[in-house]
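For reference, the chains in residue letters:
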Amino acid sequence: MASRRFDYIIIGGGSAGCVAASRLVAEQDARVLLVEAGPRHPSRVLSMPAGYMKFLAKDTYLTMHHVVPQPQLDGRAPIVPQARVLGGGSAVNAMVYIRGQSEDYDHWDEALGGAGWSHRDLLPHFIKQEGNDHLGRPYHGLGGPLKVSHLGQYAPMSRAFVQAMQERGIYYNPDFNGPRQAGVGFMQHTIDWETRRRCSAVDAFLRPVLKHPRLSVVTGTIATQILFEKDRAVGARIQGASGSDTVFADAEVILSAGTYMTPKLLMLSGIGPAEELARHDIQTLIDLPGVGRNLQDHHEVPIVAATSGAYGYFGQDRGLAMVRHGLQYILFKSGAVTTTGVEACAFIDPEGGSRPTIQLYCVPTVYLDRDVSGVEPTHGVTLNPCLLRPKARGFVRLASADARAAPLIDPQFFGEPSDLHVTIAGLRYAREVLATRPVKELVIRELFPGPGATTDEALAAHCRRTVKTNYHPVGTCRMGRETDPGAVVTPDLKVRGVTGLRIIDASIMPTIPSGNTNAPVLAIADKAVDLIIGNTGRTLHPNEMLEV
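What you see is a predicted model, and the numbers here were worked out from it, not measured in a lab.

1. Some points on the overall build of the protein chain
Looking only at helices and strands, the protein chain has 12 helices and 25 strands in total. A compact globule built from 548 residues would reach a C-alpha radius of gyration of about 24 Å, and the protein chain, at 23 Å, matches this within 12%. Along the first, second and third principal axes, the C-alpha set of the protein chain runs to 70 × 50 × 50 Å. Relative to its full complement of 548 residues, the protein chain shows a buried share of 61%. In the protein chain, of all internal contacts separated by at least 6 residues, the share reaching a separation of at least 24 is 70%. In the structure as shown, the protein chain presents an accessible area of about 21,200 Å², 51% of it carried by carbon and sulfur atoms.

Here you go:
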């Protein structure tokens, strides 16, 4: 890093940071410093669609945060991983490309007083970024850098699941990102359909500018404090393997460190709840009570059944089977390595409403979180009802004033009784799917929680024992109107009470979108760059939707 002065300092090299760095360098010829805590180059295995499963339980590219003990889970403290690598979640996730429901964004915009965050406002950003393998207007883009495609193969169990849901009267939906989300179908993924390789935010956005002389990327480095002159952010202190340094931003400091680390850095820098800062002897620059509050995350609970044969991927990731699949992938770009293993899902309301409340994943193997025991690996299927819009709200706090100390995270899984109620309804629905042909013709018996768990009390105990994150934390620096005392950023994503400081990651979301969050984060970052450079663009009106 030759210079210590830049136009923009971007803290966090995940999905949002890659989008912002790319555009600011390429379009504005800005001097940009991108700071990432993790390594620069992930394993080549992660570029293979199935490769991420090798790292799910490891801390090679993940920070394994231990949440505070959850009383409502009988003291259990599930692990909530966070990506730690250039490209962030897009480099290590299961690559599912889901945007959410239009109502999600329309409700944001309504709460913000019509500030330009409706679905119609964000749709051009989704379309602009996307290079879809076969879906086009009015909802999809063909020429964008983010490659989106269907998987290279589907397991027999995934196909049976889709058919069984239709037997139950659920609409087959060929496009969860189209005019309606409800229904059952096969998910699209951020995979290049020509190379059958992951398309991360680095691949799509950052790589074309990595050698640009105006871009500096430092990895293995954390930001320990944002620096201010009076009420203006002017730089940051960073710390890497070679020691500490101070860097300066002439235009803005941009935070994209994620839902856990962005509020942590704000609080370390004196921006947050005054009472919380005082507990750690941090001088309060701006008393913002909302920093670290409003944490939301999708979470799921499994129903596991054994099957009569190999209808999924059990045992396919080791031994001779792994070698065979690897050779098929290398030689022909086909076979089991071209799938993520999570191929099909359904968006439903198990209680009969029109707007989905559950994303029901079909995982064609026995899949449990690593702190759950009692089920022997075997050929099987796991149905995971994932709660789309939890009502519980958790928090992120400081453990200490040490920048290297992990934050305290309380996700409040099932902190609201209604969240548990909807999840139990999802479990009962999943059981009905297991009893519907053609799935029932492949299933031998339910393994977990077992056919004896029939009462709400028994299913609630199962939920408390097994609930796990779906890796989608949001909301800890939420945006709101100027008059909203709980808001951390204004609708233009500027941190309240200071200048020169903006947040562009998932922490700004007021409420969680109804689906996987990587696609929305990418779109938010693209809109953020428009706000930064003053390109307000234009929204899509109803009579223009077919001309996108």
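Here the narrative resumes, following the displayed structure.
2. Points about the environment of Ile-409
Tracing the sequence through the fold places Ile-409 in strand 22 (residues 408–410). Sequence-wise, Ile-409 and Val-67 are 342 residues apart; in three dimensions their C-alpha atoms are separated by 4.9 Å. Setting aside its immediate chain neighbours within four residues, Ile-409 contacts His-65, Val-67, Val-68, Val-80, Tyr-260, Leu-295, Phe-395 and Val-396.

3. Regarding helix 4 (residues 119–129)
In terms of burial, helix 4 is a largely internal element, 8 of the 11 residues being buried. For helix 4, the full list of buried residues reads His-119, Asp-121, Leu-122, Leu-123, His-125, Phe-126, Ile-127 and Gln-129. Elements in contact with the buried residues of helix 4: helix 1 (15–28), helix 3 (102–111), strand 5 (130–132), strand 6 (146–148), helix 6 (201–206) and helix 12 (518–533).

4. Comments concerning helix 9 (residues 319–332)
The first and last C-alpha atoms of helix 9 sit 20 Å apart over 14 residues, in line with the 20 Å expected at 1.5 Å per residue. Of the positions making up helix 9, those classed as buried are Ala-321, His-325 and Tyr-329. The arc that holds the buried residues of helix 9, viewed along the axis, is 65 degrees, so those residues lie on one side. Seen from the buried face of helix 9, the exposed residues on the opposite side, beyond 90 degrees, are Leu-320, Ile-330 and Leu-331. In this structure, the buried residues of helix 9 make contact with strand 9 (197–198). Phi turns positive, to about 55 degrees, at Lys-333, one or two residues after helix 9.

5. Here we look at the nonpolar core
In this structure, Leu-266, Ile-271 and Leu-501 are the most contacted members of the largest nonpolar core, which totals 84 residues. Ignoring sequence-local partners within four residues, the contact set of Leu-266 consists of Ile-226, Leu-255, Ile-271, Val-291, Cys-477, Val-488, Leu-501 and Ile-503.

6. A short note on unusual backbone geometry
In the segment running from Arg-437 into Pro-438, the intervening peptide bond is cis, with an omega of 5 degrees. Within the secondary structure, Pro-438 is located in the loop between helix 10 (417–434) and strand 23 (443–448). Residue Pro-449 follows Phe-448 across a cis peptide bond; omega there is 5 degrees. With respect to the element layout, Pro-449 can be found in the loop between strand 23 and helix 11 (456–466). Not every positive phi belongs to a glycine, and Met-95 is a case in point at roughly 70 degrees. As for its position among the elements, Met-95 is in the loop between helix 2 (89–92) and helix 3. Phi at Lys-333 takes a positive value of approximately 55 degrees, unusual for a residue other than glycine.

7. With respect to the packing of helix 10 against helix 11
Angle between the axes and distance between the axes are the two parameters that describe a pair of packed helices. At their nearest, the axes of helix 10 and helix 11 sit 10 Å apart, and the two run at 100 degrees to each other. Considering the angle they form, helix 10 stands roughly perpendicular to helix 11. Residues Leu-420, Thr-423, Ile-424, Leu-427, Arg-428 and Arg-431 of helix 10 pack against Asp-456, Leu-459, Ala-460, His-462 and Cys-463 of helix 11. Class assignment for the residues of the contact of helix 10 with helix 11 results in 6 nonpolar, 2 polar and 3 charged.

8. Brief notes about the pattern of salt bridges
Evaluated as defined, the whole model comprises 23 salt bridges. Connected through salt bridges with shared partners, the residues Arg-23, Glu-27, Lys-128, Asp-526 and Asp-530 form a single ionic network.

9. A closer look at the confidence of the model for the protein chain
Averaged over all residues, the pLDDT of the protein chain is 95; the fraction at 70 or higher stands at 96%. Here residues 538–548 is modelled with pLDDT under 50, and outside its nearest four sequence neighbours on either side it reaches 21 contacts, counting other chains as well.

10. What about the environment of Arg-293?
With respect to the helices, strands and loops of the structure, Arg-293 is situated in the loop between strand 15 (286–287) and strand 16 (299–300). On the accessibility criterion, Arg-293 (39% relative accessible area) is partly exposed. The sequence separation of Arg-293 and Pro-364 amounts to 71 residues, and the corresponding C-alpha distance is 36 Å. Apart from residues no more than four positions distant in its own chain, Arg-293 is found in contact with Gly-394, Phe-395, Arg-397, Gly-475 and Thr-476.

11. A few points about the packing of aromatic side chains
Throughout the structure, instances matching the rule amount to 6 aromatic pairs. Both rings, one in Tyr-154 and one in Phe-186, keep their centres 4.1 Å apart while their planes meet at 25 degrees; by these two values the pair is stacked. Taken together, the residues span a long stretch of sequence, with Tyr-154 in the loop between strand 6 and helix 5 (156–167) and Phe-186 in strand 7 (residues 183–186) at a distance of 32 residues. When sorted by exposure, Tyr-154 lands in the same class as Phe-186, which is buried. Measuring from centroid to centroid gives 5.0 Å for Phe-176 and Phe-347, while their planes differ by 70 degrees, and the two rings are edge-to-face. Placement of Phe-176 in the loop between helix 5 and strand 7 and of Phe-347 in strand 18 (residues 344–348) is noted, with a sequence separation of 171 residues between them. Exposure class is identical for Phe-176 and Phe-347. Each is buried. Members of the aromatic cluster, joined through ring pairs, are Tyr-105, Trp-108, Trp-117 and Phe-126.

What counts as what
Residues numbered from 1 in each chain as written. Predicted model: local features only at pLDDT ≥ 70, side-chain atom pairs only at ≥ 80, totals over all residues. Heavy atoms only, no water. Helix = DSSP H or I, 4+ residues; strand = E, 2+ residues; numbered from the N terminus. Rg over C-alpha atoms; globule rule 2.2 N^0.38 Å. Buried < 20%, exposed > 50% of the residue type's maximum accessible area, 1.4 Å probe, protein only. Contact = heavy atoms within 4.5 Å. Areas by Shrake-Rupley, 256 points an atom, 1.4 Å probe, with all protein chains shown as cover. Expected span 1.5 Å × (residues − 1). Arc of directions from axis to C-beta. Core = buried A, V, L, I, M, F, W, Y, C linked by side-chain atoms within 4.5 Å. Axes fitted to C-alpha atoms, helices over the stretch in contact; angles between N-to-C directions. Parallel < 35°, antiparallel > 145°, perpendicular 65-115°, else oblique. Nonpolar A, V, L, I, M, F, W, Y, C, P; charged D, E, K, R; others polar. Salt bridge = Lys/Arg side-chain N within 4 Å of Asp/Glu carboxyl O. pLDDT = per-residue confidence, 0-100. Phe/Tyr/Trp six-rings, centres within 6.5 Å; stacked < 30°, edge-to-face > 60°.

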